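# Summary of the model geometry
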Amino acid sequence: MNKTFLSPTPIISPLPAVIVTACDRQGNSNLMTASWTGIVCSSPAMCYVSIRPERYTYSMVKETMQFAINLTTPEMAQATDLVGVKSGRSENKWQLSGLHKADAHIISCPLVAESPLSIECAVREIIPLGSHDMFLAEIVSVAANSELIDNKTQKLKKQAFAPLVYSLGNYMDTDKVLGSFGYSVKDK
């Protein structure tokens, strides 16, 4: 196969389109869209989110050293986009988006009530990278909608929901399962 070599660019795609919620010590909260996020370790459970220092949410996360990653669904696409293009410095994005606050279990920042899965995070380290700083965080609690939990195992169902993803400037859904871990080597 012929390859064309491109300049270095953040091309890993698709990525989850999540809503990050944060708060300051006075109880003000904000939400923003992020796709520069993911898991970095399984034990302890850790993740990251990268945020530009000039963003309103950045100062809140840096002040309290906590945030939540709220996974989104295709039904949440418009609200997810809106909280990514408006600024919380000048507008109340909770009201604008129609999203609602839900209480977290461990952190003081609110979760997004409409999110099927919210991940509460305690920042361990801030790593300046260039255009963004990476907030490396331990996952301290996970809030999942009850219908996503298998009653027998008390774990997330295999295909709990189809998350909204972001790919090269577009929001997309992921509703087709192609296989599960290890399917390529299982007995046919």
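Just above, that's the structure.
These figures come from a predicted structure and were not determined experimentally.

### Describing unusual backbone geometry
- Cis rather than trans, the peptide bond between Ser 13 and Pro 14 has omega equal to 0°.
- Mapped onto the elements of the fold, Pro 14 is located in the segment before β1 (15-16).
- In this chain, Ser 43 is followed by Pro 44 through a cis amide linkage whose omega measures 5°.
- Following the sequence through the fold, Pro 44 ends up in the loop between β4 (37-42) and β5 (45-51).
- Backbone geometry places Met 65, a non-glycine residue, at a positive phi of 60°.
- Mapped onto the fold, Met 65 is located in the loop between α1 (56-64) and β6 (66-71).
- Relative accessible area serves as the criterion here: at 31%, Met 65 is assigned to the partly exposed category.
- In this structure, Gln 154 takes a positive phi of about 60° despite not being glycine.
- Examined against the element boundaries, Gln 154 turns out to sit in the loop between β10 (133-144) and β11 (164-167).

### A short note on the nonpolar core
- Judged by nonpolar contacts, the single largest core of 23 residues is most densely connected at Phe 67, Ile 69 and Phe 135.
- When contributions to this core are tallied by element, the ones reaching two or more residues are β2 (18-23), β3 (29-34), β5, α1, β6, β9 (117-128) and β10.
- Counting residues per element, this core draws most heavily on β9, which supplies four residues.
- Among all residues touching Phe 135, those that are not within four sequence positions of it are Cys 47, Tyr 48, Val 49, Ile 51, Tyr 58, Val 61, Lys 62, Phe 67, Val 123, Glu 125 and Ile 126.

Cut-offs and rules
- Within any chain, residue numbers begin from 1 and follow the written order of that chain's sequence.
- With the structure being a predicted model, the display of local features is reserved for residues of pLDDT at least 70 and the display and counting of side-chain atom pairs for 80 or more, all residues being used for whole-chain, interface and lining totals.
- Each side-chain value is worked out from all heavy atoms of the structure, with water and hydrogens disregarded.
- Helix and strand definitions here come from DSSP, where helices need a minimum of 4 consecutive H or I residues and strands a minimum of 2 consecutive E residues; each element is numbered from the N-terminal end.
- In this scheme, a residue with accessible area under 20% of its type's maximum is buried, one over 50% is exposed, and one in between is partly exposed, where area comes from a 1.4 Å probe on protein chains only.
- We call a set of buried residues a nonpolar core when its members are Ala, Val, Leu, Ile, Met, Phe, Trp, Tyr or Cys and they connect through side-chain atoms within 4.5 Å of each other.
- Only heavy atoms enter the contact rule, under which two residues are in contact if any of them lie within 4.5 Å.

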